[in-house]
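So you can see what is in the structure, the chains are spelled out below.
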Amino acid sequence: MGIIIAVVNQKGGVGKTTTAVNLAAALTERGLRVLVCDFDPQANATSGLGVDKRKVKHTSYHMLIGQSTPQQAVVHTQYADVIPSSADLAGAGVELIGMDHRERQLRDDLNTLREAYDLIFVDCPPSLEMLTLNGLVAADGILIPVQCEYYALEGLSDLMATLRSVKRRLNPGLDIFGVILTMFDGRTNFSTQVAQEVRRHFPGKVFTTSIPRNVRLAEAPSHGLPITAYDRSSRGAVAYRDLAEEVERKLRR
């Protein structure tokens, strides 16, 4: 049965979608069955896997409000399967308010897909609201990308408070699957200091592999490709393949 991992950080620009897309593609290369549920109205994970969000008929929005089945919403790509998103999802929080068990809608949908996948990533929006809450309730664990910058830990206390609340009220099994250091620059003392601080806050949870600042990594989404397909030899591609190996080892344990 597949494991559901919510990729979450309420701070934008930390490499959340970049990690969801490229880690999924790298794990698919390793032979795992991987699905990315794009749960962000910006739909960047959708386009990052080469799917034209303007042409899809069934999206995570339609799935969430019951207009499509989860199976109808899945789009197959050579890099990983994806449930695409669209701008319509931005209004889903309002529609969910009137639903029974509104926090559990995504969990009920994704549970019907568990048997088909080894790993399901939920790319959550950069905020702590109803969509992210659905992602946390659906998940077995959360993956937190943390940018190696001055304000790296700012706001993470809010995420941890939300995590504790969800564990207490809605999803007792939820835990931190791992923390990923992104935009790391090993040439600077500052990145190293931030990394040390993050490891101090999350003992035993931070992956050994960090994701470097890399121009090719930034270019890949504009071509609708994960980095492993856009430039296999780039530092970004090597890092995500190394991270995929770490994640697979952790899944086996």
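Please refer to the structure higher up on the page.
Note that residues are indexed from 1 along each chain, following the sequence as it is written. Local features in this predicted model are restricted to residues of pLDDT 70 or higher, and side-chain atom pairs are both shown and tallied only at a pLDDT of 80 or more, whereas totals for entire chains, interfaces and linings draw on every residue. As a convention, hydrogens and water are excluded, and side-chain values are obtained from all of the structure's heavy atoms.

Observations regarding the overall build of the protein
Comment: elements are numbered from the N terminus, with helices defined as DSSP H or I runs of at least four residues and strands as E runs of at least two. Scanning the protein from terminus to terminus reveals twelve helices and six strands. Only C-alpha atoms enter the radius of gyration; for comparison, a globular chain is expected to reach 2.2 Å times N to the power 0.38, where N is the number of residues. Against the compact-globule benchmark of 18 Å for 253 residues, the protein has a radius of gyration of 17 Å, which places it among compact chains. Across its three principal directions, the C-alpha atoms of the protein cover 50 × 40 × 35 Å. Residues count as neighbours in contact if any of their non-hydrogen atoms are within 4.5 Å of one another. Considering only contacts within the protein whose residues lie at least 6 apart along the sequence, 79% involve residues at least 24 apart. Looking at the protein as shown, the accessible area adds up to about 11100 Å², and 49% of this sits on carbon and sulfur atoms. Within this scheme the basic residues Lys and Arg register as positive and the acidic residues Asp and Glu register as negative, but His and the chain ends are omitted. Every charge is mapped onto a representative atom, which is NZ of Lys, CZ of Arg, CG of Asp or CD of Glu. Distance between charge centres in the protein, computed from 29 positive and 28 negative side chains, equals 4 Å. Each accessible area is a Shrake-Rupley estimate made with a 1.4 Å probe; only the visible protein chains count as cover when residues are assessed.

Observations concerning the environment of Leu-181
Turning to its location among the elements, Leu-181 is positioned in strand S6 (residues 175-182). Not counting residues up to four positions away in its chain, the partners in contact with Leu-181 are Val-146, Cys-148, Ala-195, Val-198, Arg-199, Val-206, Ser-210 and Ile-211.

What about the packing of aromatic side chains?
Any two of the Phe, Tyr and Trp rings considered here, Trp counted by its six-membered ring, make a pair once their centres fall within 6.5 Å; the pair's planes then place it as stacked at under 30 degrees, edge-to-face at over 60, or tilted in between. Evaluation of the coordinates by the stated rule reveals three aromatic pairs. Measuring from ring centre to ring centre gives 6.2 Å for Phe-177 and Phe-207, while their planes differ by 50°; the resulting arrangement is tilted. Placement of the pair is Phe-177 in strand S6 and Phe-207 in the loop between helix H9 (189-201) and helix H10 (215-219), with a sequence separation of 30 residues. Neither residue differs from the other here; Phe-177 and Phe-207 are each classed as buried. A network of ring pairs unites the aromatic residues Tyr-150, Tyr-151 and Phe-190 as a single cluster. Should the NZ of a Lys or the CZ of an Arg lie within 6 Å of a ring centre and within 35 degrees of the ring normal, that charge is described as sitting over the ring. The ring of Phe-177 carries Lys-250 above its face, with NZ or CZ at 5.0 Å from the centroid. Each residue's exposure class comes from its accessible area (1.4 Å probe, protein chains only) as a fraction of the maximum for that residue type: buried when under 20%, exposed when over 50%, partly exposed otherwise.

Structural notes on the sheet that holds strand S4 (residues 119-123)
Within a sheet, neighbouring strands are paired by backbone hydrogen bonds and run either parallel or antiparallel to one another. If DSSP finds at least two bridges between two strands, the strands pair. Strand order in the open sheet formed by six strands is S3-S2-S4-S1-S5-S6, with parallel pairing between adjacent strands. Each end of this open sheet is capped by a strand with a single partner; those strands are strand S3 (81-83) and S6. Across the sheet, the axes of successive neighbouring strands diverge by a mean angle of 25°, strand direction being ignored. Note on method: axes are straight lines fitted to C-alpha atoms, helices fitted across the in-contact stretch only, with angles between N-to-C directions ranging 0 to 180 degrees. The strands that helix H1 (residues 16-29) touches are strand S1 (3-7), strand S2 (34-38), S4, strand S5 (141-147) and S6; relative to S4, the one it contacts most, it runs at about 165°. Against the sheet, H9 contacts S5 and S6, and its axis sits at roughly 175° relative to S6.

Side note on the nonpolar core
Looking at soluble globular proteins, one finds that nonpolar side chains tend to be buried together. We define a nonpolar core as any set of buried Ala, Val, Leu, Ile, Met, Phe, Trp, Tyr and Cys residues linked to one another through side-chain atoms lying within 4.5 Å. Counting residues in hydrophobic clusters, the biggest one holds 51 residues, and the most contacted among them are Ile-83, Leu-106, Leu-110, Ile-142 and Ile-144. Ranked by the residues each element gives to this core, the list is headed by helix H7 (residues 130-138), at six residues. Among all residues touching Ile-144, those that are not within four sequence positions of it are Val-8, Asn-9, Leu-156, Leu-159, Met-160, Ile-176, Gly-178, Val-179 and Ile-180. Val-36, Ile-180, Phe-207 and Tyr-240 belong to the second-largest nonpolar core, a separate cluster that totals 35 residues.

Some words on the state of the cysteines
Cysteine sulfur pairs qualify as disulfides if the two atoms are within 2.5 Å. Under the definition given, this model contains zero disulfides. Cysteine Cys-124 is unpaired, with the sulfur of Cys-37 as its nearest cysteine sulfur at 8.4 Å.

A closer look at the environment of Met-1
Along the chain, Met-1 turns up in the segment before S1. Owing to a relative accessible area of 71%, Met-1 belongs among the exposed residues under this scheme. Taking the C-alpha atoms as reference points, Met-1 and Gly-236, separated by 235 residues in sequence, lie 30 Å from one another.

Overview of the packing of H1 against helix H12 (residues 235-252)
A packed helix pair is summarised by two numbers, namely the angle formed by the two axes and the spacing between the axes. Packing of H1 against H12 brings their axes to within 9 Å, and their N-to-C directions diverge by 70°. In terms of their interaxial angle, H1 and H12 are classed as roughly perpendicular. Taking contact as the criterion, the partners of Thr-18, Thr-19, Asn-22, Leu-23, Ala-26, Leu-27 and Glu-29 in H1 are, on H12, Tyr-240, Arg-241, Leu-243, Ala-244, Val-247 and Glu-248. Residues are grouped as follows: Ala, Val, Leu, Ile, Met, Phe, Trp, Tyr, Cys and Pro are nonpolar; Asp, Glu, Lys and Arg are charged; every other residue, Gly included, is polar. When the residues that make up the contact of H1 with H12 are grouped by side-chain class, the tally is seven nonpolar, three polar and three charged. Roughly parallel means an angle under 35 degrees; roughly antiparallel, over 145; roughly perpendicular, 65 to 115; everything else is oblique.

Thoughts on H1
Compared with the 20 Å implied by 1.5 Å per residue over 14 residues, the 20 Å span of H1 between its first and last C-alpha is a close match. When you tally the buried positions in H1, you get eleven out of 14 residues, the bulk of the element. Those residues of H1 that sit buried are Lys-16, Thr-17, Thr-19, Ala-20, Val-21, Asn-22, Leu-23, Ala-24, Ala-25, Ala-26 and Leu-27. Positive phi appears at Gly-31, one or two residues downstream of H1, with a value of about 95°. Expected helix span is computed as 1.5 Å times (number of residues minus one).

Thoughts on the pattern of salt bridges
Take a side-chain nitrogen of Lys or Arg and a carboxyl oxygen of Asp or Glu: if they are within 4 Å of each other, that pair is a salt bridge. With the rule as written, the count across this model stands at 15 salt bridges. A salt bridge links Lys-11 to Glu-149; the shortest N-O distance between them is 2.7 Å. Of this pair, Lys-11 sits in the loop between S1 and H1 while Glu-149 sits in the loop between S5 and helix H8 (156-169), and the two are 138 residues apart along the sequence. Arg-252 serves as the salt-bridge partner of Glu-248, at 3.0 Å between the closest nitrogen and oxygen. Residue Glu-248 and its partner Arg-252 are located together in helix H12, separated by four residues, close to a single helical turn.

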